[in-house]
Amino acid sequence: MIHELLLALSGYPGTIFTWNKRTGLQVSQDLPFLHPSETSVLNRLCKLGSDYIRFTEFIEQHTGHVHQQEHHTNQSNQTGLHGIYLRAFCTGLDSMLQPYRQTLLDLEQEFLGDPHLTISHVNYKLDQFQLLFPSVMVVVETIKSQKIHGCQILETVYKHSCGGLPPVRMALEKILAVCHGVMYKQLAAWMLHGLLLDQSEEFFVKQGPSAGGAAANQDEEEEDLGLGGLSGKQLRELQDLRLIEEENMLAPSLQQFSLRTEMLPSYIPIRVAEKILFVGESVQMFENHNHSPSRAGSILKHQEDMFAAELHKLKQQPLFSLVDFENLIDRIRSTVAEHLWTLMVEESDLLEQLKIIKDFYLLGRGELYQVFIDLAQHMLKTPPTAVTEHDVNVAFQQAAHKVLLDDDNLLPLLHLTVDYQGKDSKEGSGPRDGATPPQDTSPREVPPTGWAALGLTYKVQWPLHILFTPAVLEKYNVVFRYLLSVRRVQSQLQHCWALQMQRKHLKSSQTDAVKWRLRNHMAFLIDNLQYYLQVDVLESQFSQLLQQINSTRDFESIRLAHDHFLSNLLAQSFILLKPVFHCLNEILELCHNFCSLVSQTVASLDERGTAQLDILVKGFRRQSSLLFKILSSVRNHQINSDLAQLLLRLDYNKYYTQAGGTLGR
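Computed from a prediction, not measured in an experiment: that's the story for all the values here. (Residues numbered from 1 in each chain as written. Predicted model: local features only at pLDDT ≥ 70, side-chain atom pairs only at ≥ 80, totals over all residues. Heavy atoms only, no water.)

### Thoughts on the overall build of the protein
At step 1: When its secondary structure is counted, the protein shows 24 helices and six strands.
At step 2: Of all 665 residues assigned to the protein, the portion counted as buried reaches 50%.
At step 3: If you take every contact in the protein between residues at least 6 apart in sequence, the share linking residues at least 24 apart comes to 75%.
At step 4: As displayed, the protein offers around 32500 Å² of accessible surface, 52% of which is attributable to carbon and sulfur atoms. (Helix = DSSP H or I, 4+ residues; strand = E, 2+ residues; numbered from the N terminus. Buried < 20%, exposed > 50% of the residue type's maximum accessible area, 1.4 Å probe, protein only. Contact = heavy atoms within 4.5 Å. Areas by Shrake-Rupley, 256 points an atom, 1.4 Å probe, with all protein chains shown as cover.)

Spelled out as structure tokens, the structure:
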């Protein structure tokens, strides 16, 4: 019977020890010579045998090889579990069972040498596994029932290894070390060669954008808006200062690779995973493009073998050390980031590229856009047509020549776009490199004017495309349209002043006095808004950006500084604050309507014109009063600093305050 017992514990039940799928191994009930106490001891041992059989079935099921009898059917992938991490887990599990098998062999030798040994001796020898097997079985059952996949297996094994039972902890740590071997191989392929070896979607890096769209909507209440750490919920409480719901305006950059956070083990912080993502993306970009290899060289500075050896050394460690792991990741990241900095700043002349962005997207070349506004005014004041885009680009080229901007290398990279209804979707499906792809190809309403549909694309050169992504250029486009609308209204008000000077010798009426006083107040507000945007926001933020770029040799620091620069532009120009932005847009529209009224009327205003002027005066009073109240009432520090600066420009001599916060009286 002892040999029957040893065979059953090895996974080969017979007539004395029977196997049932539901209850496991049990002593046969019809054995009269067994005392109840012996039956109890044997059933205790049978629990070990049951666990062992289930372990070996699990291993056979997911690896296809184990020392086992044929009667255990191989129900391959019945649970749908698969993947290299599962196979690694099974390998570790199999190695954990080896001491158990060896103990059974030793017992067999002992019984052959001394046939008088009892069942208690077997129980004594196998007692070390009575704690181990049930604990490991919990891990196996968790993997099976919850269909744990990929790197999630690392998290499951790690959590169960944190218990207070030394044998269980040591066994699970050995299994975890085997599973980590797979992770280190994937890390080496990704970080050193840019290869994502992940057929079963098990790694915590994936190809394609992160699945944050739905989550972003759910977390909208708590989302940090980049305004001094304010969340959306807090911002709503500040006088209902809601975010503008402008579709896809601030869409996240659609990177080629992203993190699969649900696969990331809890003992690897997200900051480390982001470094791993950055390194792999950078290496992959170089491997794919092979762009001037003699100039770019190896992005890892030919240290791949050294880093591979250090990863292998970490893999050999019995316990995972986050300190050693992060130190190595940091060294690899620093090497890549410094190389990218050299490539960006020194070889690709990033500072010159930023100056081009500032000159054209942020209206740094004011004289160019002044001439362009004059040339394109007649073609963009009406709804756009199929030929508008071509005509606008011709006007842009003419404006460039008029201001002596004849850079043959630069101008071909810039292209003005006019998004009109019915624009061929095929034409939009292949945008110029660096251009923003169309967000929506469905028919839309015709824009009221060409100015509303105007955009600018810039053909970004490799490798600067990783900094100036399509989403980033779209944000620049939002700022570009806003700044251009302010500059255009300012130009129109200056043109009205010229008309006023031409007509000052003519007899004036009371209506003329109202008209020119309104123009004066409008120009006062718009001129100060323009000065605030160009000096307090653009020049200030741009000088800070250049200072940060020159003070580092790390590409990630540059990307962070640039993102911060762009966020500050959107925040400090109030594009993100709906009440202020809406109010300023209303004021710009009133100014535009006023300029149209003045330009169309040579003589004094008739009754209809006077009525229109009265509506404009009332509208301007209302909006200027609303603007003053918003600027002076918000008490949040970060928002208040921006609003207070604009209020300082508008009310530097307290005229605005003395007028009761209302202009146009």
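So that's the structure; there's more coming.
### Here we look at the packing of aromatic side chains
At step 1: Under the definition given, this model contains 19 aromatic pairs.
At step 2: Ring geometry for Phe-372 and Phe-396: centres 5.8 Å apart, planes at 80°, overall edge-to-face. One end of the pair, Phe-372, is in helix α15 (residues 366–380); the other, Phe-396, is in helix α16 (residues 388–402), and 24 residues separate them in sequence. For the pair shown, Phe-372 and Phe-396 are each scored as buried.
At step 3: Through a chain of ring-to-ring contacts, three or more aromatic side chains come together here, namely Tyr-52, Phe-55, Tyr-100, Phe-129 and Phe-133.
At step 4: Between Lys-358 and the ring centre of Phe-542, over which it is positioned, the NZ or CZ distance is 5.5 Å. (Phe/Tyr/Trp six-rings, centres within 6.5 Å; stacked < 30°, edge-to-face > 60°. Lys NZ or Arg CZ within 6 Å of the ring centre and 35° of its normal.)

### Quick word on the environment of Leu-363
At step 1: Relative to the helices and strands, Leu-363 resides in the loop between α14 (350–360) and α15.
At step 2: The class of Leu-363 is buried, set by a relative accessible area of 6%.
At step 3: As for Leu-363 and Val-479, which are separated by 116 residues in sequence, their C-alpha atoms are 9.8 Å apart.
At step 4: Leaving out residues up to four positions away in the same chain, Leu-363 has contacts with Lys-358, Tyr-369, Phe-480, Leu-483, Leu-484, Arg-487 and Gln-534.

### Notes on the nonpolar core
At step 1: Of all hydrophobic cores here, the largest spans 191 residues; its most connected members are Phe-89, Phe-204, Phe-372, Phe-468 and Tyr-476.
At step 2: Dropping the residues within four chain positions of it, Phe-372 is found in contact with Leu-380, Val-392, Ala-395, Phe-396, Ala-399, Leu-416, Trp-451 and Leu-454. (Core = buried A, V, L, I, M, F, W, Y, C linked by side-chain atoms within 4.5 Å.)

### Some thoughts on the packing of helix α3 (residues 84–113) against helix α7 (residues 166–193)
At step 1: The interhelical angle for the contact between α3 and α7, taken along N-to-C directions, is 145°, at an axis separation of 8 Å. Between α3 and α7 lies a crossing of right-handed hand. The segment α3 lies against α7, with Ile-84, Tyr-85, Ala-88, Phe-89, Thr-91, Gly-92, Leu-93 and Met-96 engaging Ala-171, Ile-175, Val-178, Cys-179, Val-182, Met-183 and Gln-186.
At step 2: When the residues that make up the contact of α3 with α7 are grouped by side-chain class, the tally is twelve nonpolar, three polar and no charged. (Axes fitted to C-alpha atoms, helices over the stretch in contact; angles between N-to-C directions. Left-handed = near helix turned anticlockwise from the far one by under 90°. Nonpolar A, V, L, I, M, F, W, Y, C, P; charged D, E, K, R; others polar.)

### A few points about the packing of α15 against α16
At step 1: Contact pair α15 / α16: the axes reach a minimum separation of 8 Å and the direction vectors enclose 150°. For the element pair α15 / α16, the angle class is roughly antiparallel. When the axes of α15 and α16 are compared, the crossing they make is right-handed. Residues Leu-368, Tyr-369, Val-371, Phe-372, Leu-375, Met-379 and Leu-380 of α15 touch α16, and the partners they reach there are Thr-388, Asp-391, Val-392, Ala-395, Phe-396, Gln-398, Ala-399, Ala-400 and Lys-402.
At step 2: Classifying every residue of the contact of α15 with α16 gives twelve nonpolar, two polar and two charged. (Parallel < 35°, antiparallel > 145°, perpendicular 65-115°, else oblique.)

### Quick look at the pattern of salt bridges
At step 1: Considering all chains together, one arrives at 16 salt bridges under this definition.
At step 2: When the shortest N-O distance is used, the salt bridge between Glu-173 and Arg-169 registers 4.0 Å. Here Arg-169 and Glu-173 lie together in helix α7, a separation of four residues that amounts to about one turn.
At step 3: For Arg-169, a relative accessible area of 32% puts it in the partly exposed group.
At step 4: One salt bridge in this structure joins Asp-614 and Lys-618, with 3.4 Å as the shortest N-O distance. Of this pair, Asp-614 and Lys-618 both sit in helix α22 (residues 607–633), four residues apart, roughly one helical turn.
At step 5: Look at the salt bridges and you will find they share partners, linking Arg-271, Lys-275, Glu-326 and Asp-330 into a network. (Salt bridge = Lys/Arg side-chain N within 4 Å of Asp/Glu carboxyl O.)

### Describing the pairing of strand β6 (residues 454–458)
At step 1: Across the five residues that make up β6, a large majority, five, are buried.
At step 2: Both faces of β6 are covered, namely the face carrying Leu-454, Leu-456 and Tyr-458 and the face carrying Gly-455 and Thr-457.
At step 3: Two elements, strand β5 (residues 414–418) and β6, share five bridges in a ladder whose sense is antiparallel. Looking at β6, one finds that Thr-417 is bridged to Gly-455. (Pairing = 2+ DSSP bridges.)

### Topic: the environment of Ser-50
At step 1: Relative to the assigned elements, Ser-50 resides in helix α2 (residues 36–63).
At step 2: Each C-alpha atom, one on Ser-50 and one on Phe-133, is 9.8 Å from the other, the two residues being 83 residues apart in sequence.

### Considerations on empty space enclosed by the protein
At step 1: Per the counting criterion, the structure on display carries four cavities of 30 Å³ or more.
At step 2: Estimates place the volume of the largest cavity at around 50 Å³.
At step 3: Ala-177, His-180, Tyr-184, Leu-314, Lys-315, Gln-317, Pro-318, Leu-319 and Phe-320 together form the lining of the largest cavity.
At step 4: Of all the secondary-structure elements, those providing two or more residues to the lining of the largest cavity are α7 and α12 (304–316).
At step 5: No other element matches the three residues that α7 contributes to the lining of the largest cavity.
At step 6: Looking at the lining of the largest cavity, its residues break down into six nonpolar, two polar and one charged. (1 Å grid on protein atoms, 1.4 Å probe; cavity = no way out; pocket = protein on both sides within 12 Å on 5 of 7 lines; lining within 4 Å. Points joined across faces, edges and corners; volume = space filled by probe spheres on them.)

### Comments concerning helix α20 (residues 555–572)
At step 1: Between its first and last C-alpha atoms α20 spans 25 Å; for 18 residues at 1.5 Å apiece the expected length is 26 Å, and the two agree.
At step 2: Every buried residue belonging to α20 is among Phe-555, Ile-558, Arg-559, Ala-561, His-562, Phe-565, Leu-566, Asn-568, Leu-569, Leu-570, Ala-571 and Gln-572, and all of these are buried.
At step 3: Positive phi appears at Phe-574, one or two residues downstream of α20, with a value of about 70°. (Expected span 1.5 Å × (residues − 1).)

### Description of the confidence of the model for the protein
At step 1: Predicted confidence across the protein gives a mean pLDDT of 75, with 75% of residues reaching 70 or more.
At step 2: Low pLDDT (under 50) marks residues 422–443, which in the prediction has 26 contacts with non-local residues, meaning those over four places away or in another chain. (pLDDT = per-residue confidence, 0-100.)

### Here's the deal with unusual backbone geometry
At step 1: In the Ramachandran plot, Lys-147 falls in the positive-phi region, its phi being about 50° despite a non-glycine side chain.
At step 2: Relative to the assigned elements, Lys-147 resides in the loop between α5 (129–146) and α6 (152–160).
At step 3: Of note, the phi angle at Phe-574 is positive, near 70°, even though the residue is not glycine.
At step 4: Residue classification places Phe-574 among the buried positions, given a relative accessible area of 1%.

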